Amino acid sequence: MVTASGPTAAPVVVESLQTVVSGPVMRKRELIDLVVEKSGIKKKDAKPVVEAMLAVLGEAVSDGRELNLEPFGKVKVRRAKEMPNARVMVTKIRQSINTVPEAAE
């Protein structure tokens, strides 16, 4: 299909919805609790470290830096759009299958 502004993609009919994000959301409180559980350190010691780490990661992503944090994975910002009250970023995360820790049973 071609319009006055140039070629455009043909419309596609979506027959079923697919969930993009699956599973429950992990919030900062749960992350801190899991770090405490996994590391054995006290919550009062873990909380400022986790908050500082999240701030550093947020700044790095905001600056457009690529993150390579095994076993979490390699994070790359593909696109970013400034909104009135936020920045929307489309990212790609590549996680190596061999470095993902086994889930606790």
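Preceding this section is the structure that the text describes.
Predicted, not measured: the structure shown is a model, and the values here were computed from it.

Undergrad: Got a minute to help me understand the sheet that holds strand S3 (residues 67–69) in this structure?
TA: Strand pairing in a sheet relies on backbone hydrogen bonds. The paired strands run either parallel or antiparallel. Spatially, S3-S4-S5 is the arrangement adopted by the 3 strands of the open sheet, whose pairing is antiparallel. Across the chains shown, the open sheet's two edge strands, defined by having one partner strand only, are S3 and strand S5 (87–94). Averaged over all pairs of adjacent strands, the angle between their axes in this sheet comes to 25°, without regard to strand direction. By the bridge criterion, 8 bridges tie strand S4 (residues 73–82) to S5 in an arrangement that is antiparallel. Residue pairing for S5: valine 75 is matched across the bridge by isoleucine 93. Sheet contacts for helix H2 (residues 43–62): S3, S4 and S5; angle to S3, the most-contacted strand, approximately 145°.

Undergrad: How should the layout of surface pockets be read in this particular structure?
TA: Its volume calculated, the second largest pocket comes out at about 170 Å³. If you go around the second largest pocket, the residues you meet are Met26, Arg27, Lys28, Leu31, Leu54 and Ile93. Split into classes, the residues belonging to the lining of the second largest pocket amount to 4 nonpolar, no polar and 2 charged.

Undergrad: So what exactly am I meant to see when it comes to the pairing of S4 here?
TA: When S3 meets S4, the two strands line up antiparallel, connected through 3 bridges. Bridge pairing links leucine 67 to valine 75 in S4. With antiparallel pairing between neighbouring strands as the criterion, S3 and S4 make up a hairpin whose turn holds 3 residues. Between S4 and S5, which pair antiparallel one after the other, the connecting turn spans 4 residues.

Undergrad: Can you walk me through helix H1 (residues 28–39) in this structure?
TA: Note: α-helices contain 3.6 residues per turn, so residues at a spacing of three or four share the same orientation. In this model H1 runs 16 Å from its N-terminal to its C-terminal C-alpha over 12 residues, within 8% of the 16 Å that 1.5 Å per residue would give. One or two steps after H1, the chain reaches glycine 40, where phi turns positive at roughly 80°.

Undergrad: Could you clarify how one ought to interpret H2 in this entry?
TA: Between its first and last C-alpha, H2 extends 28 Å over 20 residues, near the 28 Å set by a 1.5 Å rise per residue. As for H2, its buried residues are in contact with H1, S3, S4 and S5. Note on H2: the residue one or two positions beyond its end, glycine 64, has a positive phi of about 80°.

Undergrad: In this structure, what is going on with the pattern of salt bridges? I would like to understand it.
TA: Side chains carrying opposite charge are able to pair once their charged atoms draw close together. Applying the stated criterion across every chain yields a total of 5 salt bridges. Of the charged contacts, one joins glutamate 66 and lysine 74 as a salt bridge, the two residues approaching to 3.3 Å between their closest N and O atoms. By relative accessible area, lysine 74 is classed as partly exposed at 35%. For the salt bridge of glutamate 82 with arginine 87, the shortest nitrogen-to-oxygen distance reads 2.7 Å. In this structure glutamate 82 comes out as exposed when scored by relative accessible area, which is 55%. Each of Glu66, Lys74 and Lys76 takes part in one network of salt bridges that share partners.

The rules behind each value
Residues numbered from 1 in each chain as written. Predicted model: local features only at pLDDT ≥ 70, side-chain atom pairs only at ≥ 80, totals over all residues. Heavy atoms only, no water. Pairing = 2+ DSSP bridges. Helix = DSSP H or I, 4+ residues; strand = E, 2+ residues; numbered from the N terminus. Axes fitted to C-alpha atoms, helices over the stretch in contact; angles between N-to-C directions. Contact = heavy atoms within 4.5 Å. 1 Å grid on protein atoms, 1.4 Å probe; cavity = no way out; pocket = protein on both sides within 12 Å on 5 of 7 lines; lining within 4 Å. Points joined across faces, edges and corners; volume = space filled by probe spheres on them. Nonpolar A, V, L, I, M, F, W, Y, C, P; charged D, E, K, R; others polar. Expected span 1.5 Å × (residues − 1). Salt bridge = Lys/Arg side-chain N within 4 Å of Asp/Glu carboxyl O. Buried < 20%, exposed > 50% of the residue type's maximum accessible area, 1.4 Å probe, protein only.

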